[in-house]
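Residue-level structural notes
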Amino acid sequence: MRSWTFDSIPDQSGRLVVVTGANSGIGYVTARELAHRGAHVVLACRSAERGRAALARLRAETPGARAELRPLNLASLESIRAFAAGWDHDRLDLLVNNAGVAMVPFARTADGFESHIGVNHLGTFALTGLLLPALASAPAARVVTVSSEGQRFARFDLARFDRDRLGTDRGYSAPFAYVASKRANLYFAAELHRRAAAAGLPLRSVAVAPGLTRTNVLTGGANAARGPLYRSATALLVRLAFRPTAEGAKTSLYAATADDAPGGGYVAPDGFLELRGEPTTGRRPRALTDTVTARRLWELSEELTGVSLALPAARPR
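The following paragraphs examine the structure supplied in this document. (Residues numbered from 1 in each chain as written. Predicted model: local features only at pLDDT ≥ 70, side-chain atom pairs only at ≥ 80, totals over all residues. Heavy atoms only, no water.)

Following the criterion strictly, the structure yields seven aromatic pairs and no others. Ring centres of Phe106 and Tyr172 lie 5.2 Å apart, and the angle between their planes is 75°; this geometry places the pair in the edge-to-face category. Of this pair, Phe106 sits in the loop between strand E4 (94–97) and helix H4 (115–130) while Tyr172 sits in the loop between helix H6 (158–164) and helix H7 (174–198), and the two are 66 residues apart along the sequence. Residue Phe106 is classed as partly exposed on the basis of its relative accessible area of 25%. The class for Tyr172 is partly exposed, based on a relative accessible area of 22%. Site record: aromatic cluster; members linked through ring pairs are Phe125, Phe188 and Trp298. (Phe/Tyr/Trp six-rings, centres within 6.5 Å; stacked < 30°, edge-to-face > 60°. Helix = DSSP H or I, 4+ residues; strand = E, 2+ residues; numbered from the N terminus. Buried < 20%, exposed > 50% of the residue type's maximum accessible area, 1.4 Å probe, protein only.)

Read from one edge to the other, the open sheet built from eight strands follows the order E3-E2-E1-E4-E5-E6-E7-E8, with strand pairing classed as mixed. In this open sheet, the two strands that pair with only one neighbour each are strand E3 (66–71) and strand E8 (279–280). Across four bridges, E4 lies against strand E5 (residues 141–146) in parallel orientation. Bridging from a neighbouring strand, Leu95 pairs with Val143 of E5. Running over the sheet, helix H2 (residues 48–61) touches strand E2 (40–45) and E3 and is turned about 175° from E3. Each of E4, E5, strand E6 (203–208), strand E7 (266–269) and E8 touches helix H10 (residues 250–257); the most contacted strand, E5, lies at about 160° to it. (Pairing = 2+ DSSP bridges. Contact = heavy atoms within 4.5 Å. Axes fitted to C-alpha atoms, helices over the stretch in contact; angles between N-to-C directions.)

This part is about unusual backbone geometry. The phi dihedral of Met103 falls on the positive side, at around 60°, and the residue is not glycine. Owing to a relative accessible area of 26%, Met103 belongs among the partly exposed residues under this scheme.

Time to look at the side chain of Gln12. Take Gln12: it is sitting in the segment before strand E1 (16–20). At 3.0 Å, the side chain of Gln12 forms a polar contact with the backbone oxygen of Pro10. Those residues in contact with Gln12 that sit more than four places away from it in its chain are Leu34, Arg37, Gly38, Ala39 and Thr257. (Polar contact = N/O pair within 3.5 Å; in protein donor to acceptor, adjacent residues only side chain to side chain.)

Turning next to H2. For H2, with 14 residues, the first-to-last C-alpha span of 20 Å sits near the 20 Å given by 1.5 Å per residue. All of the buried residues along H2 are Gly51, Ala54, Leu55 and Leu58. One side of H2 holds all its buried residues, which, seen down the axis, span an arc of 100°. Projecting away from the buried face of H2 at angles above 90 degrees are the exposed residues Glu49, Arg52 and Ala60. (Expected span 1.5 Å × (residues − 1). Arc of directions from axis to C-beta.)

In the contact formed by H7 and helix H11 (residues 291–305), the axes pass within 9 Å of each other and the chain directions differ by 90°. Accordingly, the angle class assigned to the pair H7 and H11 is roughly perpendicular. Of the residues in H11, those touching H7 at Ala184, Tyr187, Phe188, Glu191, Leu192, Arg194 and Arg195 are Thr291, Thr293, Ala294, Arg295, Leu297 and Trp298. In the contact of H7 with H11, the residues fall into seven nonpolar, two polar and four charged. (Parallel < 35°, antiparallel > 145°, perpendicular 65-115°, else oblique. Nonpolar A, V, L, I, M, F, W, Y, C, P; charged D, E, K, R; others polar.)

Okay, here's the thing in structure tokens:
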């Protein structure tokens, strides 16, 4: 694909948008660019302080922006339910499931799930499900879920996924937990689109990978408590080997706004191993067509979160 820039984004006036994790990194750039083109953007952030700073920055960089801040912690089903219950707009045109954790030390969410599984997949699943009535009220809703190019290395086994959700730090592998949760994002995004299509719902669900991108996901949050050697080495690696944040936001923005963004598909950088490059729709990870695993994961996620996404099951292909 030839170079795709933010100038390629069409007018977004009239769209109501939620971007999770919008206080920094890819989420912030995604929110800012959508607001710059006229969307009403809700910054859904865990930290009130960082969220207020991001909102102030967005308004300074995009005068006249229609933007607001609402609290959301994907590590807490109570917080997710409160966010959805407080949704007071008549619809939701676009949900960007951007927030997540990466390579963090072993920890549990407020509901007892291992943090990668709990935040990256189960939190995203529950939020999307609870906002589904608002999405269904939009004439052409989209859900963009940020996965990772690293998902290709996941050894995803649903039985192990179920065990690890309440695992211990014995034998814990942060990289494995992370890529498994990112594979789960792919299964979820594809199954959501299949079920929406089966229900006749005009909702387009797209998964994306950002490529290697300079954000604070490896150094902030739970990773901030790691030792100075980790923080220094990781910060140096990110600065030298990773590309600017705006480049990483391209796939999310393409999936959110482009006419040809593939429902049930995947947008990733077109370079080697999806590490960098321009957005392409040509990649087709096998997870997108593994309907059996996707369906079982969906059913397990409903059981674990207590959130039932009222859509008929997609037929096996």
